[in-house]
Amino acid sequence: MKLLVCALETSSNIHLKALVDELDNSIELCGIFDKSLGNPTYDVSELAVMGFVDAIKKLPFLLKINNEMVKLAKDVDKVLLMDSSGFNLPLARKIKQKYPQKEIIYYILPQAWAWKRKRIPKIEAYCDTLCSILPFEKDYYTKKDKIQYVGHPLLDEIPTFKTELSTTNKIAFMPGSRKGEITKLMPIYKELVKHIDKEAILIIPKHFSKEYIEETYGDISAFTISTNTYKTLHEVEFAFICSGTATLEAALIGTPFVLNYIAKPFDYFIVKNLIKINYIGLANIFFDKMGKKPIHKEYIQDDVTVKNLLDEYNTIDKSTFLDNSKILREYLKYGSSKTVAKIILENYSI
């Protein structure tokens with residue numbers, strides 16, 4: 001079986017790895033994904049885009065690749081799209097128009113429930129199977145036969161979860177995975193370290209080169225360096241985390257944290273005016289859907305200050321946080337990889 005994959009995000013490739021582990025060894029991947037998973041047509045590192053401004057700059061290159069992906073679709077058995085709706089939805093439309101019988105599976109759907117809900121009819125029209133990782137997401141779709149909650153990938157990938165509080169005198173710092181995020185948060189994190197008399201562990205994506213780390217992070221001599229996110233989040237008492245998948249990881253593991261995010265002003269203006277949600281952290285969004293108070297604090301843009309972050313670090317109720325973490329695990333139920341693998345292999349015989 002040949003599967004065309006489009007996984008542009010770092011987090012998508014982590015989820016793809018867990019999925020590949022559940023698939024038959026005879027399945028051949030092609031398309032866009034991390035080179036550690038096979039032989040991609042394009043390695044995902046070539047396509048990193050920070051936001052609206054960066055996307056505009058790379059538009060000609062992205063359009064060229066989009067067209068090449070359509071050509072690749074001709075010789076594959078199925079298509080698997082993951083996240084990245086700005087690239088994947090136009091790709092799904094082109095593939096469906098050119099090869100109407102080609103099965104297109106969308107895993108980790110566009111966040112149409114949060115903004116631009118008019119995309120939902122298009123998603124339903126272009127894709128054959130919709131694999132949702134959010135329990136409430138199905139409620140926003142009209143073609144219920146196309147969409148199902150498959151579980152959440154993080155419940156497959158996180159090896160251990162906290163069941164009780166512990167004191168380790170260790171604090172984690174996660175300034176994100178994109179250059180723009182890192183360069184904005186690191187000066188604040190470096191100042192924070194001066195006020196916290198505990199081991200400061202800086203979590204850096206393992207694929208970053210030494211040269212890139214020196215260029216992007218600057219002087220990090222005040223930190224212990226880790227490339228193992230789950231192990232570190234499990235062993236620390238608290239974490240300062242940039243918005244993204246890592247906030248949900250910490251919430252599920254049971255490590256108290258505060259979300260902090262500084263976007264480019266233009267990007268923030270666009271998002272603020274388009275997205276109609278109360279929170280940006282997924283754990284908080286889940287709790288909002290359950291009718292509960294947020295599980296963690298969120299500081300955005302000018303509110304990301306040393307004082308605000310320190311105040312939350314010193315006052316957070318860790319016991320309540322751990323109780324809420326257990327509620328979150330129950331809400332998401334189970335991992336998604338086995339279910340998605342079954343969907344991919346459905347109606348296909350080698």
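Just above, that's the structure.
Residues numbered from 1 in each chain as written. Predicted model: local features only at pLDDT ≥ 70, side-chain atom pairs only at ≥ 80, totals over all residues. Heavy atoms only, no water.

Caption draft 1: Inspection of the overall build of the protein at higher detail. For the protein, the count of helices and strands is 15 helices and 13 strands. A compact globule built from 350 residues should have a C-alpha radius of gyration of about 20 Å, and the protein, at 20 Å, falls within 12% of that. Seen through its C-alpha atoms, the protein measures out along the principal axes to roughly 60 × 40 × 40 Å. In the protein, which comprises 350 residues, the proportion classed as buried is 52%. (Helix = DSSP H or I, 4+ residues; strand = E, 2+ residues; numbered from the N terminus. Rg over C-alpha atoms; globule rule 2.2 N^0.38 Å. Buried < 20%, exposed > 50% of the residue type's maximum accessible area, 1.4 Å probe, protein only.)

Caption draft 2: Highlighting the environment of Asn-308. Topologically, Asn-308 is positioned in helix α13 (residues 306-315). In this structure, the C-alpha to C-alpha distance between Asn-308 and Asn-260, residues 48 residues apart in sequence, is 9.9 Å. Setting aside anything within four residues of it in sequence, one finds Asn-308 in contact with Tyr-299 and Asp-303. (Contact = heavy atoms within 4.5 Å.)

Caption draft 3: Spotlight on helix α12 (residues 282-289). The complete set of buried residues in α12 reads Ala-283, Asn-284, Ile-285, Phe-286 and Phe-287. Here the buried face of α12 lies against α10 (245-253), β13 (298-300) and α14 (318-332). Trailing α12 by a residue or two, Gly-291 shows a phi angle of about 75 degrees, which is positive.

Caption draft 4: Structural detail: the packing of helix α3 (residues 59-73) against helix α4 (residues 85-98). Orientation of α3 relative to α4, taken along the N-to-C sense of each, is 35 degrees, at an axis distance of 10 Å. Every pair of crossing elements has a handedness; the one defined by α3 and α4 is right-handed. From α3, Leu-62, Ile-65, Asn-66, Asn-67, Met-69, Val-70 and Ala-73 reach across to α4, where they touch Phe-87, Pro-90, Leu-91, Lys-94, Ile-95 and Lys-98. Of the residues contributing to the contact of α3 with α4, the split by class is 9 nonpolar, 2 polar and 2 charged. (Axes fitted to C-alpha atoms, helices over the stretch in contact; angles between N-to-C directions. Left-handed = near helix turned anticlockwise from the far one by under 90°. Nonpolar A, V, L, I, M, F, W, Y, C, P; charged D, E, K, R; others polar.)

Caption draft 5: Representation of the sheet that holds strand β3 (residues 42-43) in the model. What the 7 strands build is an open sheet, ordered β3-β2-β1-β4-β5-β6-β7; its pairing is parallel. For this open sheet the edge positions go to β3 and β7 (147-149), each flanked by a neighbour on one side alone. Packed on one face of the sheet, helix α1 (residues 10-20) meets β1 (2-7), β2 (28-33), β4 (78-82) and β5 (103-107) and runs near 140 degrees to β4. Of the strands in this sheet, β1, β2, β4 and β5 touch α4, which is tilted by about 165 degrees from β5. (Pairing = 2+ DSSP bridges.)

Caption draft 6: Region of interest: unusual backbone geometry. Phi at Ser-84 is positive, roughly 45 degrees, even though this residue is not glycine. Residue position: Ser-84 is located in the loop between β4 and α4. Unlike most non-glycine residues, Gln-301 shows phi in positive territory, near 55 degrees. By secondary structure assignment, the location of Gln-301 is in the loop between β13 and α13. The class for Gln-301 is buried, based on a relative accessible area of 15%.

Caption draft 7: Summary view of the sheet that holds strand β12 (residues 257-261). Read from one edge of the open sheet, 6 strands run β10-β9-β8-β11-β12-β13, paired in parallel fashion. Edge strands, defined here as strands with exactly one partner in the open sheet, are β10 (224-226) and β13. Recorded for the sheet is a direction-independent mean angle of 20 degrees between the axes of neighbouring strands. Pairing of strand β8 (residues 170-174) with strand β9 (residues 199-203), which is carried by 4 bridges, proceeds in the parallel orientation.

Caption draft 8: Local environment of the nonpolar core. Within the largest apolar cluster, 90 residues are counted, with the highest numbers of intra-cluster contacts made by Leu-80, Tyr-107, Phe-173 and Phe-240. Sort the elements by how many residues they give to this core and helix α7 (residues 179-193) lands first, with 7 residues. If sequence neighbours within four positions are ignored, Phe-173 has contacts with Tyr-189, Leu-192, Val-193, Ala-200, Ile-201, Leu-202, Ile-203, Phe-223 and Phe-240. (Core = buried A, V, L, I, M, F, W, Y, C linked by side-chain atoms within 4.5 Å.)

Caption draft 9: Spotlight on the pattern of salt bridges. Counted according to the given criterion, the structure contains 15 salt bridges. Here Lys-231 and Glu-235 are joined by a salt bridge, their closest N and O atoms 3.4 Å apart. Taken as a pair, Lys-231 and Glu-235 lie in helix α9 (residues 229-235) at a separation of 4 residues, close to a single helical turn. The exposure class of Lys-231 is exposed, given its relative accessible area of 52%. Residues joined by salt bridges that share partners form a network here, namely Glu-9, Arg-178 and Glu-181. (Salt bridge = Lys/Arg side-chain N within 4 Å of Asp/Glu carboxyl O.)

Caption draft 10: How the structure looks around the packing of aromatic side chains. Scanning the entire structure with this criterion turns up 15 aromatic pairs. For the ring pair Tyr-149 and Tyr-334, a centre distance of 5.9 Å and an interplane angle of 45 degrees mean the geometry is tilted. With Tyr-149 in strand β7 and Tyr-334 in the loop between α14 and α15 (337-345), the pair connects residues that are 185 residues apart, well separated along the chain. On the basis of relative accessibility, which here comes to 17%, the residue Tyr-149 falls in the buried class. Of the residues examined, Tyr-334 reaches a relative accessible area of 38% and is grouped as partly exposed. Look at Phe-173 and Phe-240: their rings are 5.1 Å apart centre to centre, the planes differ by 20 degrees, and that puts the pair in the stacked class. Note that Phe-173 is positioned in strand β8 and Phe-240 in strand β11 (residues 238-242), a separation of 67 residues in sequence. Each of the two residues, Phe-173 as well as Phe-240, counts as buried. One aromatic cluster is present, formed by Phe-173, Tyr-189, Phe-223, Phe-238, Phe-240 and Tyr-313 through successive ring pairs. (Phe/Tyr/Trp six-rings, centres within 6.5 Å; stacked < 30°, edge-to-face > 60°.)

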